[in-house]
Amino acid sequence: MQEKDCLFCKIIRGEIPSAKVYEDEHVYAFLDIAPGFPGHCLVVPKNHCRNILDIDPKEAEHVVRAVQKIAPAVIKATGAEGFNVVQNNEEAAGQTVFHVHFHIIPRKKGDGMNLWTPSSYDSMEKMAETAQKIQAEIR
Ligand code: 5GP
Ligand code: ZN
């Protein structure tokens, strides 16, 4: 199912142009219009869903398989030495398009991109307490 007003559903339907890199029955992939580096791709399921929590696991498998196909091609085509797979969920985490997507960002040593600034725990006890809190919430 697609959504009438979703940007990525419109791209999948061809209503908005995109630089396609891959398509199959389940997945569409295209270049990000504002890349971290040239070759930065977005891989999306054709079925609309908001984020990683509401994608059907079978659909997610198709998307991950597509990422595994596309990332080596991005590396070869761009001369990259590695890549990041980035997947943002909700506004606080930087999601701006609410149709789940995986970024493939080609990387080179020393390219200067930092995905996060490392912080620390006040103590090992705090770290263990945090792990326990998360464990207790897992359903
Ligand atoms: P998010 O921030 O939600 O993880 O990623 C959304 C991405 O979609 C952004 O990196 C942004 O540059 C890209 N984007 C937004 N609008 C368009 C568009 O019209 N075409 C393409 N190709 N990418 C877009
Ligand atoms: Zn959509």
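Up top is the structure these notes are about.
Residues numbered from 1 in each chain as written. Chains lettered and ligands numbered in written order. Predicted model: local features only at pLDDT ≥ 70, side-chain atom pairs only at ≥ 80, totals over all residues. Heavy atoms only, no water.

S.K.: Help me out: how do you make sense of the overall build of the protein chain in this one?
M.R.: Check the secondary structure of the protein chain and you find three helices and five strands. Put simply, the protein chain runs from its N terminus to its C terminus through helices and strands in the order α-β-β-β-α-β-β-α. Judged by the C-alpha coordinates and their principal axes, the protein chain covers about 50 × 40 × 25 Å. Burial statistics for the protein chain: of 139 residues in total, 32% are counted as buried. Residue pairs in contact within the protein chain that sit at least 24 positions apart in sequence constitute 53% of those at least 6 positions apart. (Helix = DSSP H or I, 4+ residues; strand = E, 2+ residues; numbered from the N terminus. Buried < 20%, exposed > 50% of the residue type's maximum accessible area, 1.4 Å probe, protein only. Contact = heavy atoms within 4.5 Å.)

S.K.: What exactly am I supposed to notice about the coordination of the zinc ion (ligand 2) here?
M.R.: In ideal tetrahedral geometry, four donors around a metal make angles of 109.5 degrees, whereas ideal octahedral geometry with six donors gives angles of 90 or 180 degrees. Those donors, Cys6 (SG), Cys9 (SG), His48 (ND1) and His99 (ND1), are the protein atoms that reach the zinc ion (ligand 2), and they lie 2.1 to 2.3 Å from it. Taken together, the four donor atoms coordinating the zinc ion (ligand 2) span angles of 105 to 117° at the metal, a pattern that classifies the geometry as tetrahedral. Expressed as a motif, the donor residue spacing for the zinc ion (ligand 2) is C-x2-C-x38-H-x50-H. Of this pair, Cys9 sits in helix 1 (residues 7-12) while His99 sits in the loop between strand 4 (82-86) and strand 5 (102-107), and the two are 90 residues apart along the sequence. In this structure His99 comes out as buried when scored by relative accessible area, which is 0%. (Donors = N, O, S within 2.8 Å, 3.2 Å for Na, K, Ca; no water. Tetrahedral: all angles 85-135°; square planar, octahedral: opposite > 155°, others 65-115°.)

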